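# Report on the structure
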Amino acid sequence: MSRRTRALPAGMALLTASVLVAGCSGGGSASPGGSGSSAPVTIKIVLPPNTGPITAADNAGLKQLTTQYEAAHKNVTVQWLPNNTGSISAANAAVESQASGGSAPDIVWEQYGPVTSGALPPGLLQNIKPYLTKPNPYVPGNSSWLSLFTPVTVPYMTSSNGDIDIILGSNVETGFFYSKAAFAKAGITSPPATWADLMTDLGKLKSVGITPFMFTDGNANCTPSWWERLATSSLLASQVSQFDINHAQVTTGLDAAVGIKKGIISMSNPRYAEGWKLLSQLVSYSASGESSYDGCADPNATSPPLSPQSLLIQGKVGMLWGGSWWIPQLDSAGFTGKYGVFPEPPITTATTPLGLGTSTVGVIGGPNGNGQWSITSQRADSTMTPAKTATVMNFMAWLFTPQHLGYWLKISGNGAYIPTETGAPTVNLPGLDTWSPRARCRR
């Protein structure tokens with residue numbers, strides 16, 4: 001979905017309740033805590049993809065925190081490994097090959113889909129839930145490390161057997177970016193709360209001579225797939241249990257096959273068909289040339305499909321559907337403070353009798369944010385003894401204090417990534433507190 005993100009496979013994300021959690025957790029001290037062993041330990045950890053070496057500017061935050069950790073833990077050396085893989089399937093193929101000889105890294109880059117769906121070989125990764133249910137030693141007063149995460153995040157880390165084999169540091173979200181000047185001209189004083197309200201606001205923009213919207217479709221895995229995930233997650237909420245086979249929090253290939261076999265994922269199902277009928281409502285409000293634009297394109301692209309961001313900046317459209325990676329891109333283009341965002345509004349009965357009013361906030365973010373790691377087992381990594389695992393998890397606890405998580409994500413993503421811990425600082429962008437299901441501590 002950006003240079004480091006990939007869209008989920010076409011289909012629906014399984015619904016998770018959106019819960020806003022108040023309060024901000026404190027950061028950690030540099031106290032050693034319990035690192036598991038006093039013997040020399042080298043931790044080998046794979047960097048987030050396409051960020052370069054640990055010395056790259058993108059990884060400056062991780063490097064600084066690593067230096068601090070090593071200074072407080074004289075027996076520990078952290079070796080960061082660059083990640084040049086272009087997809088999670090290629091990364092997992094490499095890890096499986098290394099694991100066959102017992103030489104996999106200690107901490108590997110992962111995505112929740114392959115982990116929670118059971119796509120990886122059994123025994124490759126460790127169940128880290130026993131560590132996460134205990135307090136994070138670097139967060140004073142913390143009752144359990146899991147309590148630091150937003151409630152909607154934990155299910156995406158949890159496999160159907162209850163194990164937790166992956167830790168998620170951030171995600172990306174999709175939502176509507178709007179021009180504050182355009183909204184003001186149209187007399188729109190607040191973002192729409194429902195899909196029906198959105199249609200009303202598009203009409204207001206059009207009535208004052210502003211092209212309301214553009215539905216970019218220059219990339220089949222970008223806006224069109226977002227729409228399908230939004231609409232089907234909302235309209236099929238009552239039918240998900242009928243084809244949720246893998247219980248992976250997002251639909252897998254097996255889930256989709258069962259849904260198709262049962263006629264649920266089918267135009268013969270009124271609920272599925274309704275999603276595509278509703279899409280036609282945008283036609284009269286959308287600018288032309290949709291196939292020439294791609295909501296996931298680099299804003300500096302010079303040949304189609306182009307990024308639509310310039311249309312918002314130049315006042316040619318009032319609203320665009322984009323993703324959290326747009327935040328640093330719009331800011332670098334000088335549009336800071338001139339835009340806001342809001343989540344995809346729920347589809348209620350005011351729009352269609354089939355509307356359930358289900359919130360999809362937190363459901364259709366990208367699977368590949370930053371800081372998504374798993375811990376390999378001793379079977380895959382012959383050095384991973386129980387004592388070393390304790391040291392590895394102590395280092396992860398250090399990186400995953402809320403203040404530390406927000407610090408290094410700010411540097412690595414420039415505001416593109418949304419931390420998964422409620423107390424982690426994030427960008428101060430109007431509407432972001434409703435865009436993603438987490439309370440905000442402003443930096």
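Provided above is the structure to which this section pertains.
The following refers to the structure shown.

### Some remarks on the sheet that holds strand E7 (residues 213–214)
The strands making up a sheet associate through hydrogen bonds between their backbones, and the pairing can be parallel or antiparallel. Strand order in the open sheet made by the 4 strands is E7-E8-E6-E9, with mixed pairing throughout. Looking at strand neighbours, the two that pair on one side only are E7 and strand E9 (339–342), the edges of this open sheet. Relative to E9, strand E6 (residues 174–179) is paired through 4 bridges, and the arrangement is antiparallel. Looking at E9, one finds that Phe 176 is bridged to Phe 342. Its contacts with the sheet put helix H7 (residues 195–207) on E6, E7, strand E8 (319–323) and E9, and the angle it makes with E8 is roughly 130°. Packing against the sheet, helix H8 (residues 223–235) makes contact with E6 and E8, and its axis sits at approximately 85° to E8.

### Describing the side chain of Ser 233
Here Ser 233 shows up in helix H8. For Ser 233, a relative accessible area of 1% corresponds to the buried category. A polar atom in the side chain of Ser 233 sits 2.7 Å from the backbone oxygen of Arg 229.

### Concerning the pairing of strand E1 (residues 41–46)
Pairing analysis gives 6 bridges linking E1 to strand E2 (residues 76–81), with the strands arranged parallel. Residue pairing in the sheet places Lys 44 in a bridge with Gln 79 of E2. A crossover connection joins E1 to the parallel E2 through helix H1 (residues 60–72); in handedness this β-α-β unit is right-handed.

### Details of the state of the cysteines
In the structure shown here, the tally under the stated rule is 1 disulfide. Here Cys 222 engages in a disulfide with Cys 296; their sulfurs sit 2.2 Å apart. Here the S-S torsion is close to 90°, and the disulfide linking Cys 222 with Cys 296 is therefore right-handed. Of this pair, Cys 222 sits in the loop between E7 and H8 while Cys 296 sits in the loop between helix H10 (270–279) and helix H11 (309–313), and the two are 74 residues apart along the sequence. A relative accessible area of 1% places Cys 222 in the buried class.

### Re unusual backbone geometry
Leave glycine aside and you will find that most residues have negative phi; peptide bonds, for their part, are mostly trans. Pro 305 follows Pro 304 through a cis peptide bond whose omega is 0°. One non-glycine residue with positive phi stands out, namely Asn 50, at about 60°. Tracing the backbone shows Asn 50 in the loop between E1 and H1. A positive phi angle is found at His 247, which is not glycine, with a value near 50°.

### Regarding the packing of aromatic side chains
Per the counting criterion, the structure on display carries 25 aromatic pairs. Seen in terms of ring centroids, Phe 176 and Phe 213 are 5.8 Å apart; in terms of plane orientation they differ by 45°. Their pairing is tilted. With Phe 176 in strand E6 and Phe 213 in strand E7, the pair connects residues that are 37 residues apart, well separated along the chain. Here Phe 176 and Phe 213 have matching classes, each one buried. Taken together, a centroid distance of 5.9 Å and an interplanar angle of 5° make the contact between Phe 335 and Tyr 339 stacked. Each member of the pair Phe 335 and Tyr 339 is classed as buried. Ring-pair connections join several aromatic residues into one group, and the members of that group are Phe 176, Tyr 178, Phe 183, Trp 195, Phe 213, Phe 215, Trp 226, Trp 227, Trp 321, Trp 325 and Phe 342.

### What about the environment of Glu 96?
Residue position: Glu 96 is located in helix H2 (residues 88–100). A sequence separation of 284 residues divides Glu 96 from Ala 380, and the C-alpha atoms of the two residues are 8.1 Å apart. In this structure Glu 96 touches Leu 120, Pro 121 and Leu 124, once residues within four positions along its chain are discounted.

### Some points on helix H14 (residues 402–413)
In a regular helix each residue adds 1.5 Å, so 12 residues correspond to 16 Å; H14 covers 16 Å between its end C-alpha atoms and thus fits that length. Just beyond H14, the residue with positive phi is Asn 414, at close to 55°.

### Brief notes about helix H13 (residues 386–399)
When the terminal C-alpha atoms of H13 are compared, their 20 Å separation across 14 residues agrees well with the 20 Å that a helix rising 1.5 Å per residue should span. With 11 of 14 residues buried, H13 is to be regarded as a mostly interior element.

Parameters at a glance
- Residues numbered from 1 in each chain as written.
- Predicted model: local features only at pLDDT ≥ 70, side-chain atom pairs only at ≥ 80, totals over all residues.
- Heavy atoms only, no water.
- Pairing = 2+ DSSP bridges.
- Helix = DSSP H or I, 4+ residues; strand = E, 2+ residues; numbered from the N terminus.
- Contact = heavy atoms within 4.5 Å.
- Axes fitted to C-alpha atoms, helices over the stretch in contact; angles between N-to-C directions.
- Buried < 20%, exposed > 50% of the residue type's maximum accessible area, 1.4 Å probe, protein only.
- Polar contact = N/O pair within 3.5 Å; in protein donor to acceptor, adjacent residues only side chain to side chain.
- Right-handed = clockwise from strand over helix to strand, strands pointing away.
- Disulfide = S-S within 2.5 Å.
- Phe/Tyr/Trp six-rings, centres within 6.5 Å; stacked < 30°, edge-to-face > 60°.
- Expected span 1.5 Å × (residues − 1).

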